[in-house]
Each structure stands twice: as C-alpha cells, then as structure tokens.
Amino acid sequence: MEMLEERDFKIPVLCEGNECVRCSQKLKTGLEEVKGVAQAHLDPVGSILTLSYDANIVSFESLERRAKALGCALAEQFGHETYTLTGLDCADCAIKLEGAVRRLPGMVWTSANFATAKLSIEYEADKLDPARVIKTVENLGYGVMEAGKPAEELSWWQRHKRTFSTAMSGVFLAAGLAGSYAGAGGLSADISYALSIVFGGWSVAKSGFYSVKNRTFDMNFLVMVAVLGAMALGEWVEGAAVVFLFSIGSALEAASMERTRRVIRSMIELAPAEADVRHGDHIHRKPVEEIVVGDIIQVKPGEKIAMDGFVVAGRSAVDQASVTGESMPVGKAEGDKVFAATINQHGALDIQVTKSVADNTISKIIHMVEQAQTHKAPTQLFTERFGRYYTPIVMAAALITAVALPLLTGGDFGPWLERALVLLVVACPCALIISTPVALVSSIGNAARHGVLVKGGAYIEAAGSIDVFAFDKTGTLTAGEPEVTDIVSLNGWDEEKILQYVWAIEARSEHPIARAVDFAAKKRALQPLESTDFQAIPGSGAEASIGADRYYVGSWRLFEERQLPLSARPDIFELEKEGKTVVLLAGEHELIGALALADRIREETPAALADIRRAGVGRLIMLTGDNEPAAALIAEQLGIDSVHAGLLPEDKLELIKALGRRYGNVAMVGDGVNDAPALAAATVGIAMGAAGTDVALETADIALMADDVTKIPYTIELSQRTMRVIKQNIVFSLVVVAALILTTFGGYLSLPLGIIGHEGSALLVILNGMRLLR
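Residues numbered from 1 in each chain as written. Predicted model: local features only at pLDDT ≥ 70, side-chain atom pairs only at ≥ 80, totals over all residues. Heavy atoms only, no water.

Attention shifts here to the overall build of the chain. Looking only at helices and strands, one finds 27 helices and 29 strands in the chain. Across the chain, the fraction of contacts at a sequence separation of at least 24, relative to all contacts at a separation of at least 6, is 68%. Summing over all exposed atoms, the chain offers an accessible surface of approximately 33400 Å²; the carbon and sulfur share of this is 56%. (Helix = DSSP H or I, 4+ residues; strand = E, 2+ residues; numbered from the N terminus. Contact = heavy atoms within 4.5 Å. Areas by Shrake-Rupley, 256 points an atom, 1.4 Å probe, with all protein chains shown as cover.)

This part takes up the packing of aromatic side chains. Tallying each qualifying case throughout the model produces 5 aromatic pairs. Relative to Phe199, the ring of Phe172 has its centre 5.5 Å away and its plane inclined at 15°; by these criteria the two rings are stacked. Of this pair, Phe172 sits in helix H5 (residues 156-181) while Phe199 sits in helix H6 (residues 187-213), and the two are 27 residues apart along the sequence. Take Phe199: its relative accessible area is 25%, and that puts it in the partly exposed class. (Phe/Tyr/Trp six-rings, centres within 6.5 Å; stacked < 30°, edge-to-face > 60°. Buried < 20%, exposed > 50% of the residue type's maximum accessible area, 1.4 Å probe, protein only.)

If you look at the biggest cluster of nonpolar residues, it comprises 44 residues, and the most contacted ones within it are Phe469, Phe471, Ile612, Ile702 and Ile712. Excluding residues that lie within four positions of it along the chain, Phe471 makes contacts with Thr476, Leu477, Leu609, Ile612, Leu620, Ile621, Met622, Leu623, Val669 and Ile712. By size, the runner-up hydrophobic cluster in this structure holds 38 residues, among which are Val394, Val426, Val736 and Leu740. (Core = buried A, V, L, I, M, F, W, Y, C linked by side-chain atoms within 4.5 Å.)

Looking at the secondary structure, you find Asp308 in the loop between strand E10 (296-299) and strand E11 (309-313). Within the structure, Asp308 has its side chain in polar contact with the backbone nitrogen of Ala340 (distance 2.8 Å). Those residues in contact with Asp308 that sit more than four places away from it in its chain are Val338, Phe339, Ala340, Gln352, Val353, Thr354, Lys355, Asn360 and Thr361. (Polar contact = N/O pair within 3.5 Å; in protein donor to acceptor, adjacent residues only side chain to side chain.)

What follows is about the confidence of the model for the chain. With 84% of its residues at a pLDDT of at least 70, the chain reaches an overall mean of 80. Here strand E1 (residues 4-10) stands out as the least confident element of the chain, with mean pLDDT 45; helix H21 (residues 605-614) is the most confident, with 94. (pLDDT = per-residue confidence, 0-100.)

Turning our eyes to something else, we now look at the sheet that holds strand E6 (residues 118-124). With antiparallel pairing, 4 strands are arranged side by side in an open sheet as E5-E6-E4-E7. This sheet does not close on itself; its edge strands, each paired only once, are strand E5 (107-113) and strand E7 (143-145). Sheet twist, expressed as the average angle between the axes of neighbouring strands with direction ignored, equals 30°. As defined by bridge partners, strand E4 (residues 78-86) adjoins E6 across 7 bridges and the pair is classed as antiparallel. Counterpart to Tyr83 in the pairing with E6 is Leu119. (Pairing = 2+ DSSP bridges. Axes fitted to C-alpha atoms, helices over the stretch in contact; angles between N-to-C directions.)

All right, on to the sheet that holds strand E15 (residues 343-346) then. Reading across from one edge, E13-E12-E15 is the order of the 3 strands in this open sheet, with antiparallel pairing throughout. With partners counted over all chains shown, the strands left at the sheet margins are strand E13 (330-332) and E15, one partner each. On average, adjacent strands in this sheet sit at an angle of 40° to one another, irrespective of strand direction. Sheet analysis places strand E12 (residues 316-319) next to E15, joined by 3 bridges and oriented antiparallel. Residue Val318 lies in a different strand from E15, and its bridge partner there is Asn344.

All right, on to H21 then. What H21 keeps buried is the set Thr605, Ala608, Leu609 and Ile612. Here the buried residues of H21 occupy an arc of 95° about the axis, which is enough to place them on one side. Along its buried surface, H21 packs onto strand E18 (468-472), helix H16 (473-477), strand E24 (591-601), strand E25 (619-623), helix H22 (628-638) and helix H26 (711-745). Looking one or two residues past H21, Gly616 carries a phi angle of roughly 105°, positive in sign. (Arc of directions from axis to C-beta.)

Let us look at the packing of H21 against H26. The N-to-C vectors of H21 and H26 enclose an angle of 20°; their axes lie 8 Å apart at closest approach. Overall, the two elements H21 and H26 adopt an arrangement that is roughly parallel. Between H21 and H26 lies a crossing of left-handed hand. Along the contact surface, H21 presents Ala608, Asp611 and Ile612, while H26 presents Ile712, Pro713 and Ile716. Of the residues belonging to the contact of H21 with H26, the class tally is 5 nonpolar, no polar and 1 charged. (Parallel < 35°, antiparallel > 145°, perpendicular 65-115°, else oblique. Left-handed = near helix turned anticlockwise from the far one by under 90°. Nonpolar A, V, L, I, M, F, W, Y, C, P; charged D, E, K, R; others polar.)

What follows deals with the packing of H26 against helix H27 (residues 751-770). Interaxial distance between H26 and H27 falls to 10 Å at its minimum, and their mutual angle equals 175°. Taken together, the axes of H26 and H27 are roughly antiparallel relative to one another. In this structure, H26 contributes Val725, Gln728, Asn729, Phe732, Val736 and Leu740 to the contact, and H27 contributes Gly757, His758, Ser761, Leu764, Val765, Asn768 and Gly769. Of the residues contributing to the contact of H26 with H27, the split by class is 6 nonpolar, 7 polar and no charged.

This is the structure:
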C-alpha cells in the first residue's frame, strides 16, 4: 500500500505514420502530470505502457480516466471495486482485514477504512476473481453489502442484532449481580453470567475464531482470550462484565461512526430520483436514469434540479450551496449552466440536459469524496504500521507476565494470569489506530459540504503547513473580466458622454471589452444612444454612425492604419505603462477621449490573502502569463511578495519546482486546466471554479467548486484544526494506554475496569474527531 506499484498495461493506440511517437509523448506527459505517478513510458511499437505509480495517492481508475481524456484507452487489465462492510468492530480489525485481502494473489492495492466501513481494492482481472475477495472477508467474520445497497434495505435483525444481543447480555449480567447481592448466588448466578457471556460474546467469539483461523490477532481475539481466562479462574462475573462492556462500547463506537458515514449518504440523497421531461407540449415524469443528454426537463419553483444542463427558457435564482458551497442564490437566465442537486428558488426553468446521471457534477463529487477517504494520509499510515508491530509485542509481554514473572517472583500464577489478561485487553491500540481516520473522514465530509473537494487525507494534512502560496492571476485573484477604471477627456467632452458614445458603438459587439463598457454605462445609469451602420474592424476596433457623424473606437493601431487624427497623446501612455488596456474614441477629425480597462480584483481577494497570511503562510507569489506592468499593478494592490509574468504553462511548472526546493511546501492555485502541470508539481494543487469543468475536478488535489478565493483560508484553517485534533487523539490514546498498562502491573486494574478504560478512550477519540463535522 505504501510502496510504488509498477505494472505493464497494453494500450490500443490508433495512429498512422509517425503519429505513434506523438501519441506516446502526449500520454507520457499527460500521465506524469498526475500526482502519484513516478514514471510513464509507452513503447509505440508494441503499444505497451510501463507505469510506475503510488496506489495510495492515485487510483488506477483515475489514470484510466486521464488516459481516456488524452485520447487513449488502457486495456481492461485491472479491476477496481468498493464494498460496504458490516460487522467491522474496531479500527484494529480493519487493519487485519486489509492485510488478509492484500495477501490474495493478483491484488494490486487495498484499503479497509473503519471510519467509512468501506473496503476498496484494485486487482489484476486475469489473476483474481472479486468473489474470492468477498469469500475472504466473510471467512474473517464480516459481511459484505452489495454495491449501492442502502442500509435501510437490510432486515430488522441485520440492523439491530448487535443491539439486541448487547441488551440481553446486560439483562443477564444484572440478573446475576442481583442474585448474588440477594444471597442467591452460586450456580444460578453463574448460569446468568454464562448466558450474559453467550449473548454478548457470540459475535466476539465468532470474529475471534476467524482471527485465529487467519492468524490475524485482532481485538476480538484478545477479548475472547481474556473472557476464557476469567472463566478458567472461576471469575464468571468478570467474564460477563468484560463481554457486556466491550459489546456496549463497540455499539457506541459504531453509532458514533455511523453519524460520520451519514455525511456521504446525505450527499447521495441530494439529487431527486425523478424529473419532469418535456416532449413537445406534454410533460412526462421520468426516473433520472432514463433521462438522456439533450432532453429538456422542467423545474418548478422550490424544486431541486435533477440533472446538469443549461437554461433554455425561464429566469430564476438557484441555491447552489450543495455543490459550490455558495451562501447566496445565483441568478440564472437563458444560456446559464446549472447543476443537479441545486434548488430552484423562484420562476420555472426549462433546462437542456448535458450530462447523464452517472456523469453529473454531484455524482463525481460523491465518487471522489468516497475515493478520497480510501487514500490514507501519512499520519494514518504511521499509526497503522505502529499497530502492526505493537500488537505482537503486547501478546509476548502478556505471555511473559503470565508465565515468566510468577516463576521469577515465586508468586501464585493466578494473580499474574489475571494481570496478563488485563494487559491483553488494555494494551490493544484501538484508540491510537482510529485517532487519525475518524478525524480525516470528518474533515473531508465537512469540506465537501462547504464546496471544497479534498482528494485525500494527505492533502488535508498538507494544506495547513504550506510555506509558499503561488497564485495564477487571471480568474483566480482577479475576476478574469476587464472593467473600466479610467475615462480621459481630450477635447472638453465630459466623462459620461465619452462613455455613452463608446457604449453605443460597442453595443453590438461580443468582445469582453464591450461587456465591460456595457457594465460601466449601466452602473452610471446612462441613457443608451442609437448607432447605425456598425462595422467591426477585426483586431483593431469598430466604427459606427451616431446622428449625422461617424465615430471610431479602438486601439492606436486602428488610428494609425486609417490615418485618423492622433494630435493629442497625454497621460494615456501612463495608463498603458500601468498595464491597462486603452480604448480610444475619435470622430472624423479629432481624438475625443479614451477609456482605460483592467482586469478587476475580486472583492473578496484582499481579505482572503490577509487571512492566508494570518494562518502562517510566509510568502505569496503571483504566476501569470500576462504582461509585467499589468501583473505588477495587481500585485502592488494586493501586497503580493513577488511577481513572475509572461509565463507559459511549462514555465510555471519549473518555477513551482524551484519554489519547492527553496522554501519547502508549495501550494499552487489556478484554474485546473491551463495550470495542470504546475498543480501536479505542487505539494497541494488547488483549482478554483471546479464545478464547471471536469478537467479541474480530475487535476486538482483540492477543488474549490465555486470561484470563491475565501475557501482557501477556510481550507487552511480546517487543515490546522484537523491536525490539532489528530495530535490530541494520538497523545490522549498513548497516555491512556500507558496509564492502563502501569496500573495493570501495579495490580490496581480489574478486567471490567480495563475494558471501560479501553473502550472509553476509543469512544472519546471518535467523538473528538467528529467535532470536525461542525
């Protein structure tokens, strides 16, 4: 799991002549941009791809999708499945289960997550039948639910048998204690204790038996040994108390973890199962699985939108919080994009479907969140490795305590055997092992609810310890749309009149500058003028008649080519030196005025950058393909530490690598498309506005579903909170284990008290981790 897995894959590539060389280079470059891929090489003659990648960082399924986007299809040599597990009692059990499955021949990668009750595998399809995986899991005493089968479809007994058995165990334990205190002890009390052990311990014994059978000694095995030892010593009440307390502790842990798992299930339930589909003048109600791309669905006010698409008729505001995390509804009109699982606020909308239900944005988010929870963070890998070596040491220590110490001290075997049994129970590192995954799963779920998609626990850990943040400028720090910043009068016209005339000429243009002029004029509530005989001049500007006179709007180039009057050139040059775009207005005989435009800084950007600095980030850097003056102006306004302008994508890649070598952990923030190589090279790659682009969802380590830069400091804070909780959990669990072991050797701890300490510490660790759901 932690090692790089190198495999050969056959890739059919359709090419002619020298096209194979181009295909192989494109595939190599595209796959090596993916984080976790160490090397990719395609032999164009034999069409064999040699791929070296870390399966704990990137799944083969993701590499398949990446290759498909590059125009290649990886042969179906590998399979990937995710199963929902039932009966998974503890974090230590999940590790033992994972180890048993990993040893199957043909298994490439496996991850068993106690926090999500999921088992994810990747395997060589020609060497391993998934049925064997299911059989292995069942032989270990756990259940495997069918993919996609909701918990409510389970029978009442399947859902409540553990609660029932725990309750019956408690009833018989109470009966035995009541009989003993009433003076009716002896055989009748021992029978009650025995029944308590049977009811509360049957599942423990079953799992413990499978643990011995498969040589994976988990917590169930240790508890079973402790109970059998107590019975052998004649301590039936202690045996019954251990079983009941362990059973109730496991039930409380399971109930707490179920709340965490409901976060993802609630996301699955966001999108409606049916939608109204328009066919001519008729409306038909259809399941979303039957709706195809191109269909027109009708969404009434207050209804959830069932499919991704764009508006073809109607006007409304849509609450997109479930997808993008935006707190305010977003206005939608004809041509605007909408997402499944968002809520239409007012006004009916007709929407043309652009993606099937399996490919829509919310489905991809859910799938990626579930996939992210299977990829383990470095801290989690460390605690699991620690547990693998620690458990055998504890078993050896218990054996020495039971056999060697009484021989060395000359004491009775009974007390030392009881101490050994207590040691087996209290020293099991369940709280330590669960300390990290429960916090990470809660944190990833919290982020998803706020429109931040985190691809794995490793990126949650890393986001809070970034030394340098590198930002693309256009569309990240700025809105990516120009706005009018200055109006210069050259012959006595007032500013509003100049803007009004430029607006009249640009009204028929679709250029971004025309949209900026339209926005500025409407903001000033100007009255529109009518222009006639409009003519666009490609690459230079436009001309039109207003009243009886002819007017021209454009760059210096337009006026030089047409030999129009350029008698006055005042401080316009200063505006150009600032990196602004200058648009000139002239009549037939004179230059009238000029507008200066610049890409506007997002309103929330200054506050967001200040919050990032307060979070402890040392340097903020801007990387942009824009010109130096424009970049420098934006950087000065935002207090950016350094600017690198005029960069191509490959330049940004090399710069990110250099920043990493110089400063350490580097985060790159971009659009996820043009910045893909730099995002992959950074410690953490963050893509903004990912809800609208599949490429950004695939490329980024962290995807901000909306164009909201304030989500970056939120993510940093969430990461830092997560790491604080993980450290609290690890320290607490180690201190508790150490205290329990010391009191065990001091003879102060009985088996029931040991179980209370063990299960209580695990439950407190879970509850502490669940605070991150808030």
